[in-house]
Structures are given as C-alpha cells and as structure tokens.
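Descriptive analysis of the structure
Residues per chain, in single letters:
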Amino acid sequence: MEHINFLAFAMPAFFLFFFIEFKIAQRKKRPEIFNYESSVSNISIGIAERLINLFIAASFYQSYYFIYNNYRIFDIPSNVFVWSALILATDFVWYWYHRLGHEVNFFWAAHIVHHHSEEFNFTAAARITTFQAVIRTGFWCVLPFVGFHPTMVITMLIVHGAYSFFTHTQLIGKIKWLEYVFVTPSVHGIHHASDEKYLDKNYGDMFTFWDRLFGTFQTEEEKPKYGLTHPLKSYSFLWQHFHYYFEIYELMKRSTGFKEKWKAVFGSPAHMDQDIRPLLEKRFLQDKTNPNQRLRFKNYLYIQLGISTFLLTVFTYYFEFLNGFDKVFVLSIILITLINCGALLEQRKWIYYLEYARIYLIAVYFLYEENLITFFFIPLGIMIFAEQLFSLGKRYQNVVLQLESSD
C-alpha cells in the first residue's frame, strides 16, 4: 500500500465533482454554465497538465529540498502557529506570482491559458499548463528558502490547490460576510471576467485581504462576462498553449532596439499590439470559419477523453514501476489524443493522419514488447494498403466530421 500514488485519483475525483456540478446546473435550469466545446477544451488541457507534471513534479519537490538543505535562512519548527503562518505566506506568494502573471508578458504567456474559457465552472479550474506550474514553482521556492520545511510546503500547496478548485463555479452566489476574509466563487469569478471594471482584480487564491491591502479588490456588481477581452478564435490544443509566445515573438520582430525588444518580453500585456493575434490566427489557419456549427458525432470526443482519463489514472498509479519506453509511449498516445480532440472541435481534415499515427504507435509498441521491432514497416504497409483499397480517409471524414447547427 505504501507504493500507491494517490495523485492517480485526482482526475476521477475531478470528474465526479464536474458531474455533480453539471447535474445541479441542469436541476437549476442553468444550461449557460456549460458549453460543450469549451468544456472539452478545458478538460483536455487539464489532462495534459497532470500527464506532463508526472515527469517533472519530482524536480519541483527536489528543488524545495535542495534550497532548504543548502540555503534556508531560518530553522522554522512545525507547530500550529507555524502552519498558520505558512498558509498566509503561501497565499501571499501566490498573490504576487498571480499578479505578475497578469502584468508581465512572459508570465502571462503561461497563465493566459487559464483565462481562455468563456465559461466559469469546475472544468475551467483544470486549465493549467505545465509552463504555469514551472513558473509558480519558482515563486514558491521562496518558502523553503525562508525556512519552511519542504514537507510542510508541499502539503500546504496541495491544500491551497484543492481550495482554489472549488472557487471555480457559478452555483454558489455572493457570500458577502465571508468575502471580507476568504476568496469565494463570486470573488474569483470577477478575476475571470473580461468586463473593464473587473480587469486585473482579485489575485488572491484563498484570502481577500492581500487584494484589499494592495488595491486590487473588486466585489461583484454586474454579472461578469467570462474570458479574454479579445477571445481566442480556436479550440486547437496546441494553439491554446503556444499562441501568446508567438505573439511575443511577433512583437519582438516589430520592435527596434534592445529596450523595445525587452518590453516585448517583459512588458505589460496591455501594450500588446491588438492586430497581432488576428494576423497570426489567419497565418496559422486557427481562425474558425464555422462558429455556428459543431460536431454531430460528439460521442467520439467523449470516448477519447474517457480513454485519456483512464490511461492517465492507471499511468499515474503505476508510474514509478514503468520503464522509459512505456512512459514515452503513454505520453505520446495521450498527447496525440488530446491534439486530436482539439482538431475535431476545429473540424480539421488532417486529423485522419493523427489517427494513423496513433494506430502505428500502438502497433510499434506491441512489436517492441514482443521483440519484433525489426518488423516495424509491416503495420505501416498494411495501413497504406488499406487506405488505397478502401478509401478510409473519405469514410472517416464523412462519418466523424459530420456537422450540425449550434444555434
């Protein structure tokens, strides 16, 4: 039992709470809380973050121990008062990490993915990228540097993350008396809003007094409009992760002199040229041309998300027992599947080749396991022959890419 990786149950627990929230929204007749495409996109990004973090989370923890063992300033004991101080310190560090994540282009490039969603529910809480996890780990290294033991820090970060998950919902209204101290769903919903009066407000994750102290607190008045001020016109898994890095690069190319290029990377997102994103969306074919159409064959997406979640759960549970080849195989299969889900939402015809890539990877994996890797060309030949004989690509597109009106 000591080898059980309890993180394996994070995704099933997420889906349980998501299902409960969805059913309550249905009972309250609030269908606007959920959007099919956006929810699929949110869940895909959440799966990817959990998957990739399996490979690098250990380095996060090792960095805490390395700093604590070699550079800590104080020897802070473990008692109830220290735990109270740690939870305050954790949220204080989060406030400044979060605020800088909105005020510095380089940090915003990692954090913007969390704000793409135009819905505000538990699925939006899953929109965290590995880039964001790496950056905030750098900020949290301050805690072991001060002298908090890494075990305490890691425990508190788990508590901190669990609390923030439950602030991503519209099913709980304003609780004014509680908002004097704690972040509630209403308070955090303001942070996700694109209304001008709500922009760059409510950075705290557990407590509101940091925002009150530094002048960034805003209570909910009118109902927020969630998402970005300039919404992303794509559900592409890859584009959502990398588009802002391309925007920074484009701004750097337009800038002259070191100072201007420096500002392109470390300046404010408010100064980003607003014509860059539409230009890049057209250049990389990310501009959706059928906003009022959606896939008819939704079950295929559900199946892929379900398989990805199951694989991630089992993979997490047995991660420490798997060899490198097994790990790379599962990583590749899940990432291809998630890219496939985004391409399906975009009705991209090239997704058929992703299907071939996935089948080929599975075939090569089993050949490797049976020490038959020298026959790697056989499944490739079979797939080419089947395509030429049965025109599977056309059949696939006619069935899987059927559309219906979303009105």
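Residues numbered from 1 in each chain as written. Predicted model: local features only at pLDDT ≥ 70, side-chain atom pairs only at ≥ 80, totals over all residues. Heavy atoms only, no water.

A tally of regular secondary structure across the protein gives 18 helices and 2 strands. Taking 2.2 N^0.38 as the reference for a compact globule, 407 residues should give roughly 22 Å; the C-alpha atoms of the protein span a radius of gyration of 23 Å, in line with that estimate. Dimensions of the protein, computed from C-alpha atoms along their principal axes, come out at roughly 70 × 60 × 50 Å. Residue burial in the protein is summarised as follows: out of 407 residues, 48% are buried. Excluding contacts between residues fewer than 6 apart, the proportion of contacts in the protein whose partners are at least 24 apart in sequence is 79%. Across the protein, the 36 positively charged side chains and the 35 negatively charged ones have centroids separated by 4 Å. (Helix = DSSP H or I, 4+ residues; strand = E, 2+ residues; numbered from the N terminus. Rg over C-alpha atoms; globule rule 2.2 N^0.38 Å. Buried < 20%, exposed > 50% of the residue type's maximum accessible area, 1.4 Å probe, protein only. Contact = heavy atoms within 4.5 Å. Lys, Arg positive; Asp, Glu negative; His and termini not counted. Charge placed at Lys NZ, Arg CZ, Asp CG, Glu CD.)

Turning our eyes to something else, we now look at the packing of aromatic side chains. For any pair of aromatic rings, the description rests on two quantities: the centre-to-centre distance and the angle between the ring planes. All told, the structure shown has 46 aromatic pairs when counted by the stated rule. Taken together, a centroid distance of 5.7 Å and an interplanar angle of 65° make the contact between Phe131 and Phe242 edge-to-face. On the criterion of sequence distance, the pair formed by Phe131 in helix H6 (residues 130–140) and Phe242 in helix H11 (residues 237–254) is long-range, its members being 111 residues apart. Pairing Phe315 with Phe319 gives two aromatic rings, centres 5.3 Å apart and planes at 80°, and the pair type is edge-to-face. The aromatic ring of Tyr68 is capped on one face by Arg72, whose charged end is 4.4 Å from the ring centroid. Just above the ring of Phe217 sits the side chain of Arg212; from NZ or CZ to the centre is 3.9 Å. (Phe/Tyr/Trp six-rings, centres within 6.5 Å; stacked < 30°, edge-to-face > 60°. Lys NZ or Arg CZ within 6 Å of the ring centre and 35° of its normal.)

As a further point, take helix H15 (residues 324–345). Its 22 residues place the ends of H15 32 Å apart at the C-alpha level, agreeing with the 32 Å of an ideal helix rising 1.5 Å per residue. By the criterion of burial, H15 is predominantly enclosed, with 16 of the 22 residues buried. Sitting at the amino-terminal end of H15 is Asn323, which places a side-chain oxygen 3.1 Å from the backbone nitrogen of Phe325. Just beyond H15, the residue with positive phi is Gln347, at close to 55°. (Expected span 1.5 Å × (residues − 1). Polar contact = N/O pair within 3.5 Å; in protein donor to acceptor, adjacent residues only side chain to side chain.)

Let's shift gears to a nonpolar patch on the surface. A cluster of nonpolar residues, Phe325, Tyr368, Leu372, Ile373, Phe375, Phe376, Phe377, Ile378 and Ile382, forms a patch on the protein surface that exposes about 810 Å² of accessible area. Here the element with the most residues in the nonpolar patch is helix H17 (residues 377–390); it accounts for 3 residues. Position of Phe376 among the secondary structure elements: in the loop between helix H16 (351–369) and H17. With relative accessibility at 43%, the residue Phe376 sits in the partly exposed group. (Patch = residues over 30% accessible without salt bridge, like charges linked within 9 Å, V, L, I, M, F, W, Y side chains within 5 Å. Areas by Shrake-Rupley, 256 points an atom, 1.4 Å probe, with all protein chains shown as cover. Salt bridge = Lys/Arg side-chain N within 4 Å of Asp/Glu carboxyl O.)

Our next topic: the side chain of Asn202. Of note, Asn202 is situated in the loop between helix H9 (185–191) and helix H10 (209–214). In this structure, Asn202 is in contact with Val187, Ile190, His191, Asp211, Thr216, Phe217 and Gln218, ignoring residues within four places of it in sequence.

In the contact formed by helix H2 (residues 36–71) and helix H8 (residues 150–165), the axes pass within 9 Å of each other and the chain directions differ by 145°. Relative to H8, the crossing made by H2 is right-handed. In this structure, H2 contributes Tyr61, Tyr64, Tyr65 and Tyr68 to the contact, and H8 contributes Pro150, Thr151, Val153, Ile154 and Leu157. (Axes fitted to C-alpha atoms, helices over the stretch in contact; angles between N-to-C directions. Left-handed = near helix turned anticlockwise from the far one by under 90°.)

In this section: helix H3 (residues 80–103). Its 24 residues place the ends of H3 35 Å apart at the C-alpha level, agreeing with the 34 Å of an ideal helix rising 1.5 Å per residue. Looking at where H3 begins, the residue whose side-chain oxygen comes 3.0 Å from the main-chain nitrogen of Phe81 is Asn79.

For the structure shown, the criterion picks out 14 salt bridges. For the salt bridge of Glu103 with Arg99, the shortest nitrogen-to-oxygen distance reads 3.0 Å. Within this pair, Glu103 and its partner Arg99 are both found in helix H3, separated by 4 residues, close to a single helical turn. One salt bridge in this structure joins Glu250 and Arg283, with 3.4 Å as the shortest N-O distance. In this pair, Glu250 sits in helix H11 while Arg283 sits in helix H13 (residues 276–283), placing the two residues 33 residues apart along the sequence. Look at Arg283 and you get partly exposed, because its relative accessible area is 44%. Here the salt bridges do not stand alone but share partners, grouping Glu250, Lys253, Arg254, Asp273, Asp275 and Arg283 into one network.

To continue, consider the packing of helix H1 (residues 10–27) against helix H14 (residues 298–317). Interhelical geometry of H1 versus H14 gives an angle of 140° and a closest axis separation of 8 Å. Taken together, H1 and H14 sit at an angle that is classed as oblique. Contact with H1, carried on its side by Met11, Pro12 and Phe15, involves Thr309, Leu312 and Thr313 of H14 and no other residues of that element. By residue class, the composition of the contact of H1 with H14 is 4 nonpolar, 2 polar and no charged. (Parallel < 35°, antiparallel > 145°, perpendicular 65-115°, else oblique. Nonpolar A, V, L, I, M, F, W, Y, C, P; charged D, E, K, R; others polar.)

Another aspect to go through is the environment of Trp140. Of note, Trp140 is situated in helix H6. Owing to a relative accessible area of 7%, Trp140 belongs among the buried residues under this scheme. In the structure, Trp140 is positioned 80 residues away from Phe60 in sequence and 9.7 Å away in space, judged by C-alpha atoms. Setting aside its immediate chain neighbours within four residues, Trp140 contacts Tyr64, Thr90, Val93, Trp94, Leu157 and His160.

Interpretation note: all reported values are geometric properties and have no functional meaning in isolation.
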